[in-house]
Amino acid sequence: MDYSQFLLMPQEVGLLLVFLLVFIYDTFMPQRSQRALPVFTTVLFAIYTAICFVPCEVGSAFAGMIETNQATWAMKNILNVGMLIVLMQAAKWTNEEFMRVRRGEFYELLLLTLFGMFLMISARHFLLFVIGLETASLPIACLAAFEKKRYESHEAAAKYVFTAIFSSAIFLLGISFVYGIAGTLYYNDIATMIIGQKSTLLVVALAFVIAGVGFKLSLVPFHQWTADVYQGAPTAVTAYLSVISKGAAAFSFLVIMAQVFGAAYSTAWEWMLYAVIILTITIGNLFAMRQHNLKRFLAFSSISQAGYIMLGVIAANTLGMASMMYYVLVYVFSNLAAFGVIAAIERQTGKTTTDDYNGLFKTNPWLSFTMMLAMFSLGGIPPFAGFFSKFFIFVGACKTGSVAVYVLVLIALVNTIISLYYYLLVVKAMFIRQDDCAIPTLKSSCGERAAMIVCALGIILIGLASCIYTSLTEYTAAIANIFSQI
């Protein structure tokens, strides 16, 4: 084997190196040095993230099973930034007494799931994609059960495992149908073999593939696990699951649907996705209105946000991919800002309901300001970054010129207005409602404050930095060939 092929996987190799260094530190450093592991891991990952922004060589490796290009490089960097923020937010929590013996495992499992997501993003062969999917999914069940003395944490892990097993089985069944049709598992070869085919077996295979990946994205009707897992898992794990996992799955889904099944776009999966997107956005919004627990609230919010992300898949063009990547970038800062505030308050007070936040502005103005920015951005209120992300993804979808897509975007716009109601309820609780027993003034850790500052700056500045979206558009234009079948 030509080991020089690993040079085409610099981000994956670098991540494995970070994993090994963290593992060695956790295994061999004396007990008195273990409390420094969160700082060591965060600093090491920050260095790795900075190095990854150096442009890498473009090409394919291992007989075409894995591909590195400008778009995959940019998407992995977006996930790295999100992962770094999660590590900053979790540093104080991982040094709690009950985490003392499990601190190293938390970081190792987290890095392992990210490695699996990188494989999903770069995969150009379904066998490698499944390996990445399982590598990303199974450790999350362990992470969800980390707070072993809480019943909700056990319940979250059990529900995640069972749902992951069944979704993987459905996905593999769909892939087996695809293999029966095409006789290969390479993306490009499948695309060539299915040109002109309109068999029922292909439609069924596509339905199973959408269902399998729809679990990772929390698309309706594959979303039932989301609220319970988000509520039961540790908040740091929930933040990671809501952003990093969703971003990797969305990019991989777009590549699969466009590059592999692009020839069957209008005859098979276009109308499937129309129905899934409308249901996802609408049901996510309706159920979010009913939530009082903020983690469940953000769970249904993330379901709705997944529907907006899928508009980039419907666009099925370079502008749609760039808009989707930009949306994920903005979502990273917006959602992690909200979870950062929730984690800081929950760690010190145990309070997680909307009513607990009544009068929060008077006692904790900085936390209230950060949460307000997050809610405004998630709701798409200008001039924050969330407004621009929704605008660009709507424009990308409308570029198809289809009347059906115009109707779909109109429904999404109406749902955006509906979502403002429940996002502003949180702002109302913090700034307008009064409570004599408001949460007392809290002192956040250095990592939590740094993460909130980064998220707040991202929400304010990313929408104004047009160079980011322009660069993403250039990266996706360089791989326009994956949309050639559509």
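Remember, it's a predicted structure, so these values are computed and weren't measured experimentally.

K.L.:
Any chance you could explain the overall build of the protein here in plain terms?
P.N.:
Looking only at helices and strands, the protein has 19 helices and two strands in total. Taking 486 residues into account, the globule formula puts the C-alpha radius of gyration at 23 Å, and the protein, at 21 Å, falls close to it. Summarising its shape, the C-alpha atoms of the protein cover approximately 70 × 55 × 45 Å along the three principal directions. Within the span of the protein, comprising 486 residues, buried residues form 60% of the whole. Counting only contacts in the protein whose residues sit at least 6 apart along the sequence, the fraction spanning at least 24 positions is 80%. Only carbon and sulfur atoms are counted for the fraction: they give 70% of the accessible area of the protein, which is about 18000 Å².

K.L.:
It is not clear to me how unusual backbone geometry should be interpreted in this structure. Could you clarify?
P.N.:
Both trends apply: most residues other than glycine have a negative phi, and most peptide bonds are in trans. Look at the link from Val220 to Pro221: it is a cis peptide, with omega at 10°. As for its placement among the helices and strands, Pro221 is situated in the loop between helix 8 (200–217) and helix 9 (226–232). Cis geometry marks the peptide bond from Pro382 to Pro383; its omega dihedral reads 10°. In the Ramachandran plot, Phe62 falls in the positive-phi region, its phi being about 55° despite a non-glycine side chain. Topologically, Phe62 is positioned in the loop between strand 1 (59–61) and strand 2 (66–68).

K.L.:
Help me understand the environment of Ile210, please; the structure alone is not making it clear to me.
P.N.:
Relative to the elements of secondary structure, Ile210 occurs in helix 8. Residue class for Ile210 comes out buried when judged on its relative accessible area of 3%. Here the alpha-carbon distance between Ile210 and Val276, two residues 66 residues apart in the chain, equals 9.5 Å.

K.L.:
Got a minute to help me understand the packing of helix 2 (residues 37–52) against helix 4 (residues 103–122) in this structure?
P.N.:
Any two packed helices are characterised by the angle at which their axes cross and by the distance between the axes. Relative orientation of the contacting elements helix 2 and helix 4 amounts to 20°, with a least axis distance of 10 Å. The angle between the axes of helix 2 and helix 4 places the two elements in the roughly parallel class. The two elements helix 2 and helix 4 cross, and the hand of that crossing is right-handed. From helix 2, Leu37, Pro38, Thr41, Phe45 and Tyr48 reach across to helix 4, where they touch Arg103, Gly104, Tyr107, Leu111, Leu114 and Phe118.

K.L.:
Can you help me understand the nonpolar core in this one?
P.N.:
Most often, soluble globular proteins have nonpolar side chains that are buried together. In this structure, Phe45, Phe106, Phe261, Tyr357 and Met375 are the most contacted members of the largest nonpolar core, which totals 178 residues. In terms of residues, this core owes the most to one element, helix 13 (residues 318–349), which gives 21 residues. Not counting residues within four places of it along the chain, the set of residues in contact with Phe261 comprises Phe126, Val178, Ile194, Leu202, Leu206, Val209, Ile256 and Trp269.

K.L.:
Please clarify how the environment of Leu119 should be interpreted in this entry.
P.N.:
One can find Leu119 in helix 4. Here the alpha-carbon distance between Leu119 and Ile175, two residues 56 residues apart in the chain, equals 17 Å. Each residue touching Leu119, except ones within four places of it in the same chain, is listed here: Met9, Ile66, Ile131 and Gly132.

K.L.:
Could you clarify how one ought to interpret the pattern of salt bridges in this entry?
P.N.:
A side chain with one charge may pair with a side chain of the opposite charge, provided their charged atoms come close. If you walk through the whole model with that rule in mind, you get eight salt bridges. Among the salt bridges present, the one from Glu12 reaches Lys76, with a minimum N-O distance of 2.4 Å. Here Glu12, found in helix 1 (residues 10–28), pairs with Lys76, found in helix 3 (residues 70–94); they are 64 residues apart in sequence, far enough to count as distant. Taken individually, Glu12 and Lys76 each receive the classification buried, so the pair is uniform in this respect. Glu448 serves as the salt-bridge partner of Arg347, at 3.0 Å between the closest nitrogen and oxygen. Taken together, the positions of Arg347 in helix 13 and Glu448 in helix 18 (residues 446–461) put the pair 101 residues apart, joining distant regions of the chain. Classification of Arg347 by relative accessible area gives partly exposed; the value is 23%. Linked by salt bridges that have partners in common, Glu155, Lys159, Asp228 and Arg296 make up one network.

K.L.:
Could you clarify how one ought to interpret the side chain of Ser323 in this entry?
P.N.:
Turning to its location among the elements, Ser323 is positioned in helix 13. For Ser323, a relative accessible area of 0% gives the class buried. In contact with Ser323, other than residues within four places in its own chain, are Phe392, Ile393, Gly396 and Tyr469.

K.L.:
I tried to follow the side chain of Asn358 on my own but got confused; where do I start?
P.N.:
Tracing the chain through its elements places Asn358 in the loop between helix 13 and helix 14 (360–363). Discounting residues that sit within four places of it in the chain, Asn358 has contacts with Ala429, Arg433, Gln434, Asp435 and Ala438.

K.L.:
Just checking my understanding: could you explain the packing of aromatic side chains for this structure?
P.N.:
How two aromatic rings sit relative to each other is given by the distance of their centres and the angle of their planes. Counting across every chain of the model gives 29 aromatic pairs. Ring geometry for Tyr160 and Trp225: centres 5.4 Å apart, planes at 80°, overall edge-to-face. With a gap of 65 residues between them, Tyr160 in helix 6 (residues 151–182) and Trp225 in the loop between helix 8 and helix 9 connect regions that are remote in the sequence. The burial state of Tyr160 is the same as that of Trp225; both residues are buried.

K.L.:
Would you mind showing me how to read helix 4 here?
P.N.:
Three or four residues apart is the spacing at which side chains of an α-helix point the same way, because the helix has 3.6 residues per turn. For helix 4, spanning 20 residues, the distance from its first C-alpha to its last is 30 Å, which sits close to the expected 28 Å at 1.5 Å a residue. Counting buried residues along helix 4, 18 of its 20 residues qualify, which places the element largely inside the surrounding structure.

K.L.:
Looking at this structure, how should I read a nonpolar patch on the surface?
P.N.:
A cluster of nonpolar side chains, contributed by Trp366, Phe369, Ile453, Leu457, Ile460, Leu461 and Leu464, occupies part of the molecular surface with about 630 Å² of accessible area. Of all the elements in the fold, those that place two or more residues in the nonpolar patch are helix 15 (365–379) and helix 18. When residues of the nonpolar patch are assigned to their parent elements, the largest contribution, four residues, is made by helix 18. By secondary structure assignment, the location of Leu464 is in the loop between helix 18 and helix 19 (466–477). Judged by its relative accessible area of 57%, Leu464 is exposed.

Here is what the cut-offs are and how they apply
Residues numbered from 1 in each chain as written. Predicted model: local features only at pLDDT ≥ 70, side-chain atom pairs only at ≥ 80, totals over all residues. Heavy atoms only, no water. Helix = DSSP H or I, 4+ residues; strand = E, 2+ residues; numbered from the N terminus. Rg over C-alpha atoms; globule rule 2.2 N^0.38 Å. Buried < 20%, exposed > 50% of the residue type's maximum accessible area, 1.4 Å probe, protein only. Contact = heavy atoms within 4.5 Å. Areas by Shrake-Rupley, 256 points an atom, 1.4 Å probe, with all protein chains shown as cover. Axes fitted to C-alpha atoms, helices over the stretch in contact; angles between N-to-C directions. Parallel < 35°, antiparallel > 145°, perpendicular 65-115°, else oblique. Left-handed = near helix turned anticlockwise from the far one by under 90°. Core = buried A, V, L, I, M, F, W, Y, C linked by side-chain atoms within 4.5 Å. Salt bridge = Lys/Arg side-chain N within 4 Å of Asp/Glu carboxyl O. Phe/Tyr/Trp six-rings, centres within 6.5 Å; stacked < 30°, edge-to-face > 60°. Expected span 1.5 Å × (residues − 1). Patch = residues over 30% accessible without salt bridge, like charges linked within 9 Å, V, L, I, M, F, W, Y side chains within 5 Å.

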